[in-house]
Amino acid sequence: MPSEELAYKRNLNETIARLEALWTGRMPHGICATMHGWPNPYLEEWRQKWHPPAQGTERDLPSKEEIFEHWDALLRGRSEVEDDSLPVAYACLDWGESGFAGFLGAKVHFYSRGENGGTYSYAEPLLADWSQLEELRLEEENPLYAAFLETLRYVVTRAEGLFGVNAFLRIDALTLAMELRGATRALLDLYEFPKQLERLLRLGVELNAQILEQEYAIIPPFRGGRFTWIGGWVSHISPVLLSVDPYVYCASWVYRDFGEAYQLALLERFGSGFFHLHGYRLDLLAAIKELPGVLFVQGVESGGGLGEAAFAHLEAIKQVAGTLPLLISCTYQELLAGLKEHSLPGGVMYDVSGVPTVYEANKAMELVRSYEAQASERPPKPEQAARVMR
């Protein structure tokens, strides 16, 4: 029977209880926080052993041993912090979004993320002609997919009793189309080949469901729930992690016509899920919150100077989200100012960067655990949220 303890988490029982309260909506006025930023000596030891290439250098996928030891170093370096995070490894993150195209036969290139470890990927467009669509198949003999499953099994086995492992973010809907067709071509398909694109998006539902079912067959549940990449843990056996990344740069109708139905199909199949949302898009948030089974939404700043930090617009975001829990990135100074001014809305997990030391993280957590949002920071009435959207 899998272990129900995690050696890399000191306040495990308290954290599980707090996460369950937050993600089930039973912490409307309280807050949670995860802390990041101090140096990690174990990561330096890992660097000395594995010598990751310079950032942007094309390389092979890391071995399963390198991947395990990377996550072991990252999470061991957090074992003294008593925040609301759980030690969870994204074991197959190195495959990246393009890995899903590779599972169907695309040629995938991998590039180093630099001294902190890991890779990102790029797939050469596989679906050049729509006549090829019916030939797309997920086969376990595919070398990239076989390595994906083998790495997941290896990390799960070695991590038992130390830290948890989560399933991959779904590469579905328009995200999958961009990986298989190329980003520009997929966006043109919205206008030039909408029917063919819809067929591809339907195929994406089955592809993602099949992969997630295999991942959950390998990753055991933990204390009646599942480890998650964002949010740490939820009290659901088969949550699905969804993203609306490509829709952030599109008009609202694109998600309505070429996204919502396909993500709804995955939510209905697995019973619950949560969303990763870049930038400040209240229209997308409003659409997401109406989907059945949504547990929470993560709002993060878009990269490359695109979009805006969600924290800067938290009041407006809360008015649209209502009682739906949120996960919002902020800096250590922003958290401290919010705690001092008592201006932080409740029902939110704050993902905090730039924390200098574990000692300061733990001192801040004493304030986080006792925090109660003021009446003006509590969830708005439905009619108030409706006025924001007008």
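Residues numbered from 1 in each chain as written. Predicted model: local features only at pLDDT ≥ 70, side-chain atom pairs only at ≥ 80, totals over all residues. Heavy atoms only, no water.

A closer look at empty space enclosed by the protein
Rolled over the atoms, a probe with the dimensions of a water molecule shows which regions are left empty. Following the criterion strictly, the structure yields 4 cavities of 30 Å³ or more and no others. Taken as a whole, the largest cavity holds about 80 Å³ of empty space. Of all the elements in the fold, those that place two or more residues in the lining of the largest cavity are α8 (194–218), β7 (226–228) and β9 (240–243). Looking at the lining of the largest cavity residue by residue, the class counts come to 10 nonpolar, 2 polar and no charged. (1 Å grid on protein atoms, 1.4 Å probe; cavity = no way out; pocket = protein on both sides within 12 Å on 5 of 7 lines; lining within 4 Å. Points joined across faces, edges and corners; volume = space filled by probe spheres on them. Helix = DSSP H or I, 4+ residues; strand = E, 2+ residues; numbered from the N terminus. Nonpolar A, V, L, I, M, F, W, Y, C, P; charged D, E, K, R; others polar.)

Focus on the sheet that holds strand β4 (residues 108–112)
Strands sit in the order β2-β4-β5 across an open sheet of 3 strands; the sheet is antiparallel. The two strands at the open ends of the sheet, each matched to only one other strand, are β2 (58–59) and β5 (119–123). Where β2 lies against β4, 2 bridges are found, and the strand directions are antiparallel. Counterpart to Arg 59 in the pairing with β4 is Phe 110. (Pairing = 2+ DSSP bridges.)

Structural notes on the pattern of salt bridges
Oppositely charged side chains may form a pair once their charged atoms are brought near each other. Across all of its chains, the model carries 23 salt bridges by this definition. Notably, a salt bridge pairs Arg 10 with Glu 82, separated by 3.4 Å at the nearest N-O pair. Of this pair, Arg 10 sits in the segment before α1 (12–23) while Glu 82 sits in the loop between α3 (64–76) and β3 (88–89); the two residues are 72 residues apart in sequence, bridging distant segments of the chain. On the basis of relative accessibility, which here comes to 25%, the residue Glu 82 falls in the partly exposed class. (Salt bridge = Lys/Arg side-chain N within 4 Å of Asp/Glu carboxyl O. Buried < 20%, exposed > 50% of the residue type's maximum accessible area, 1.4 Å probe, protein only.)

Some details on unusual backbone geometry
One non-glycine residue, Arg 223, lies in the positive phi region at around 50 degrees. Residue placement: Arg 223 occurs in the loop between α8 and β7. Accessibility expressed as a relative area gives 25% for Arg 223, which makes it partly exposed. Unusually for a residue other than glycine, His 342 sits at a positive phi of about 55 degrees. Within the secondary structure layout, His 342 lies in the loop between α13 (332–341) and β13 (348–353).

Here's the deal with the side chain of Gln 263
Residue placement: Gln 263 occurs in helix α10 (residues 260–270). With a relative accessible area of 0%, Gln 263 lands in the buried category. Once residues within four sequence positions are removed from consideration, Gln 263 is found in contact with Asp 172, Leu 242, Ser 243, Val 244, Tyr 255 and Phe 275. (Contact = heavy atoms within 4.5 Å.)

Side note on the confidence of the model for the chain
Taken residue by residue, the chain gives an average pLDDT of 93. The fraction at 70 or more is 93%. The low-confidence segment residues 302–306, where pLDDT is below 50, has 5 contacts with residues more than four positions distant or belonging to other chains. A low-confidence stretch, residues 380–390 (pLDDT under 50), is modelled with 13 contacts involving residues beyond four sequence positions or located in other chains. (pLDDT = per-residue confidence, 0-100.)

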